[in-house]
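In case you want the letters, here they are:
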Amino acid sequence: MSIAANIAQVQAEIAAACARADRAPAGVTLVAVSKTHPPAAILQAVEAGLRHFGENRVEESETKIPATIAQTDEPLIWHMIGHIQSRKAKQIPPLYQVVHSVDTLKLAAKLSQQLTAAADTLDVLLETNVSGEASKAGFAAAGWHTDPAIRERLLAEIGQIVALPGLNVRGLMTMAPIVADAAQTRPIFADLRQLRDLLADSLHHPLPDLSMGMTDDYPVAIEEGATIVRIGRAIFGERQTER
Ligand SMILES: *Cc1c(COP(=O)(O)O)cnc(C)c1O
């Protein structure tokens, strides 16, 4: 299948999931995760109408993003979805318009410093580990429903982040565990939505976005409220090299 045909298929599945949840498809942004794929593949997706692309490594983005935007007149929006070492914070604002992977107060503070110095702002999402899997990055949130200490720590840390200048904190991002049946991810996505509701209420800060859902689980994520889905393999096929 061509990239254009894959995109049409994904868009049809997004529309179907929205219909099941009684949501408007315009409320779900499709981010095509182009990591490991060359500018030529991204340009095919641009041709098919996509404008949002997700990358996970600064080194790769430094050459790929300029090479891609040099070949199109369309305004593209670049999303950073991978782990960021805090010494790389400087390189983030010039490359990306949205960062999904702010996972510590320290990284948020570094980004805020860079942005303030440049009189710039950046949309960010806070990566949150609601499943408790040890291999996953993000603010530790597993058990927040039952453990007040976890809730208080999250409110304290995230309260400090939303107050930082230069950062426009738009919401939360999560990665669900890999499971045999996508339906098993539903409680994880519902949990992220409920945590978002609690944080937005308690901090009096609107958090409209939920970045959740990948190739194997995005229809379930949309049914549970995702406003951004991050989809790689269903659009571009298997990755060139696994990382
Ligand atoms: C690679 C990646 C994706 C896309 O995964 P697919 O399974 O290819 O859709 C989404 N989010 C993050 C954070 C990723 O690293």
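Residues numbered from 1 in each chain as written. Predicted model: local features only at pLDDT ≥ 70, side-chain atom pairs only at ≥ 80, totals over all residues. Heavy atoms only, no water.

(A) Here's a closer look at the pattern of salt bridges. Applying the stated criterion across every chain, the model contains 12 salt bridges. As a salt-bridge pair, Glu 59 and Lys 88 come within 2.8 Å of each other at their nearest N and O atoms. Here Lys 88 lies in the loop between strand 3 (77–80) and helix 4 (92–95) and Glu 59 lies in helix 3 (residues 58–69), a separation of 29 residues in the sequence. In this structure Glu 59 comes out as partly exposed when scored by relative accessible area, which is 39%. Exposure remark for Lys 88: the relative accessible area of 11% places this residue in the buried category. (Salt bridge = Lys/Arg side-chain N within 4 Å of Asp/Glu carboxyl O. Helix = DSSP H or I, 4+ residues; strand = E, 2+ residues; numbered from the N terminus. Buried < 20%, exposed > 50% of the residue type's maximum accessible area, 1.4 Å probe, protein only.)

(B) Broad picture of the packing of helix 2 (residues 39–47) against helix 3. At a closest axis distance of 10 Å, the pairing of helix 2 and helix 3 adopts a crossing angle of 45 degrees. Relative to helix 3, helix 2 is oriented oblique. For helix 2 against helix 3, the interelement crossing comes out right-handed. Residue-level contacts link Pro 39, Ile 42 and Leu 43 of helix 2 to Lys 64, Ala 67 and Thr 68 of helix 3. (Axes fitted to C-alpha atoms, helices over the stretch in contact; angles between N-to-C directions. Parallel < 35°, antiparallel > 145°, perpendicular 65-115°, else oblique. Left-handed = near helix turned anticlockwise from the far one by under 90°. Contact = heavy atoms within 4.5 Å.)

(C) Region of the structure containing the site of the ligand. Looking at the ligand, the residues that line it are Val 33, Lys 35, Ile 81, Met 173, Met 175, Met 214, Thr 215, Arg 230, Ile 231, Gly 232, Arg 233 and Arg 239. Here a nitrogen atom of the ligand sits 2.9 Å away from a polar atom, N or O, in the side chain of Arg 230. In this structure, an oxygen atom belonging to the ligand sits 2.7 Å away from a side-chain N or O atom of Arg 233. When the ligand is considered free in solution it has 390 Å² of accessible area, and contact with the protein chains removes 94% of it. Of the residues that constitute the shell around the ligand, the class distribution is 6 nonpolar, 2 polar and 4 charged. (Near = heavy atom within 4 Å. Polar contact = N/O pair within 3.5 Å; in protein donor to acceptor, adjacent residues only side chain to side chain. Areas by Shrake-Rupley, 256 points an atom, 1.4 Å probe, with all protein chains shown as cover. Nonpolar A, V, L, I, M, F, W, Y, C, P; charged D, E, K, R; others polar.)

(D) Here's a closer look at the packing of aromatic side chains. The full count for this structure, using the stated rule, is 1 aromatic pair. Taking the centre distance of 5.7 Å and the plane angle of 40 degrees together, the rings of Phe 53 and Trp 78 count as tilted. Here Phe 53, found in strand 2 (residues 52–55), pairs with Trp 78, found in strand 3; they are 25 residues apart in sequence, far enough to count as distant. The same class applies to Phe 53 as to Trp 78, namely buried. (Phe/Tyr/Trp six-rings, centres within 6.5 Å; stacked < 30°, edge-to-face > 60°.)

(E) Broad picture of helix 1 (residues 3–20). For helix 1, spanning 18 residues, the distance from its first C-alpha to its last is 26 Å, which sits close to the expected 26 Å at 1.5 Å a residue. Taken residue by residue, helix 1 has Ile 3, Asn 6, Ile 7, Val 10, Ile 14, Ala 17 and Cys 18 as its buried positions. Seen end-on, helix 1 carries its buried residues on one side only, within an arc spanning 110 degrees. Across helix 1 from its buried face, at more than 90 degrees, point the exposed residues Ala 19 and Arg 20. Contacts from the buried residues of helix 1 go to strand 1 (29–33), helix 2, helix 8 (218–223), strand 9 (228–231) and helix 9 (233–236). Immediately downstream of helix 1, the backbone of Asp 22 shows phi near 60 degrees, a positive value. (Expected span 1.5 Å × (residues − 1). Arc of directions from axis to C-beta.)

(F) Region of the structure containing the packing of helix 6 (residues 148–162) against helix 7 (residues 186–203). In contact at an axis separation of 11 Å, helix 6 and helix 7 are set at 60 degrees when each is read in the N-to-C sense. Put simply, helix 6 runs oblique to helix 7. As helix 6 runs across helix 7, the sense of the crossing is right-handed. The segment helix 6 lies against helix 7, with Arg 151, Leu 154, Leu 155, Ile 158 and Gly 159 engaging Leu 195, Leu 198, Leu 199, Ser 202 and Leu 203.

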